Amino acid sequence: GPAVAEAPLDTIVLWDHRSAPLRVLEGHMLFVSDNHYAEQLLRSVGREGTGVATDRSGIATELRFLSERGIPTPGLKLSDGSGLAPDNRVAAITLARVLSDDEVRGADRSIYLLLPLGGRQGTLREYDFTTALGRVRAKSGHITGVASLAGYINTLHHGRVVFAFSINGSPGDPDAAIVRAVN
């Protein structure tokens, strides 16, 4: 099976592929909502954190990260990296605090700059943010019966504000309700 080790001297390289930098891959994942990238990133995080590249090790590393930063995780249940598993659960406060933590730490606004511009780019191109058009950077999420939006809005009077909304089981259009809340 696959292994990570030093190659013998008589090894013949059949194919060598250099990946794009992690920041570029993360940007693609968030910008177009690439679930395959999200799944692979979870496994890569697991490898960095535990030495084993599995969903379980990625989730363990992710939980440790949240705990170390004091980010609240009420009702959190993680099963995969993309968030598509129906038994995944994450509270809006968890999403908001991850974004806030990143903003406070500086980190060259690492998440902020990777998110699409609301009403103009990526998965948020079709969102009608009216008065907030061009001032929102966020990630949307959808599975049957659930819609969410988490990100940042640059307000007219109070600077940048973190937000996270999640609507579960709405009889109406949850995306429209979320956009109204951001506007």
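Residues numbered from 1 in each chain as written. Predicted model: local features only at pLDDT ≥ 70, side-chain atom pairs only at ≥ 80, totals over all residues. Heavy atoms only, no water.

Observations regarding the sheet that holds strand β3 (residues 160-168)
Paired through backbone hydrogen bonds, the strands of a sheet run either parallel or antiparallel to each other. Ordered in space as β1-β2-β3, the 3 strands form an open sheet in which the pairing is antiparallel. Looking at the sheet topology across the chains shown, the edges are occupied by β1 (136-143) and β3. Taken pair by pair, the neighbouring strands of this sheet meet at an average axis angle of 5°, ignoring direction. Sheet analysis places strand β2 (residues 146-154) next to β3, joined by 9 bridges and oriented antiparallel. (Pairing = 2+ DSSP bridges. Helix = DSSP H or I, 4+ residues; strand = E, 2+ residues; numbered from the N terminus. Axes fitted to C-alpha atoms, helices over the stretch in contact; angles between N-to-C directions.)

Thoughts on the confidence of the model for the protein
For the protein, mean pLDDT is 90; residues scoring 70 or higher make up 98% of the total. When pLDDT is averaged over each helix and strand of the protein, the minimum, 77, is found for helix α5 (residues 174-182) and the maximum, 97, for helix α3 (residues 55-68). (pLDDT = per-residue confidence, 0-100.)

Comments concerning a nonpolar patch on the surface
A cluster of nonpolar side chains, I12, L14 and W15, forms an exposed patch at the surface whose accessible area comes to about 500 Å². In this fold, L14 is placed in the segment before α1 (22-32). The class for L14 is exposed, based on a relative accessible area of 82%. (Patch = residues over 30% accessible without salt bridge, like charges linked within 9 Å, V, L, I, M, F, W, Y side chains within 5 Å. Areas by Shrake-Rupley, 256 points an atom, 1.4 Å probe, with all protein chains shown as cover. Salt bridge = Lys/Arg side-chain N within 4 Å of Asp/Glu carboxyl O. Buried < 20%, exposed > 50% of the residue type's maximum accessible area, 1.4 Å probe, protein only.)

Examining the packing of α1 against helix α2 (residues 35-50)
As a packed pair, α1 and α2 sit with axes 8 Å apart at the nearest point and diverge in direction by 135°. When the axis of α1 is compared with that of α2, the two are oblique. Where α1 crosses over α2, the handedness of that crossing is left-handed. Contacts between α1 and α2 involve L22, L25, E26, H28 and M29 from the first element and Y37, A38 and L41 from the second. (Parallel < 35°, antiparallel > 145°, perpendicular 65-115°, else oblique. Left-handed = near helix turned anticlockwise from the far one by under 90°. Contact = heavy atoms within 4.5 Å.)

Notes on the side chain of N88
Tracing the sequence through the fold places N88 in the loop between α3 and α4 (92-105). A polar contact of 2.6 Å, which involves the side chain of N88, links it to the backbone nitrogen of S79. Polar side-chain contacts of N88 include one of 2.7 Å to the side chain of D80. Every residue in contact with N88, bar those within four places of it in the chain, is listed here: K77, L78, S79, D80 and G83. (Polar contact = N/O pair within 3.5 Å; in protein donor to acceptor, adjacent residues only side chain to side chain.)

A short note on the pattern of salt bridges
This model, assessed by the stated rule, comprises 5 salt bridges. Note that D55 is salt-bridged to R43, the shortest N-O span being 3.0 Å. Highlighted residues: D55 in helix α3 and R43 in helix α2, separated in sequence by 12 residues. Residue classification places D55 among the partly exposed positions, given a relative accessible area of 24%. For D101, the salt bridge identified is with R69, shortest N-O distance 3.4 Å. Of the two residues, D101 is situated in helix α4 and R69 in the loop between α3 and α4; the sequence distance between them amounts to 32 residues. By relative accessible area, which is 16% here, D101 ends up buried. Overlapping salt bridges, with partners in common, bring together R69, D101 and R105 in one network.

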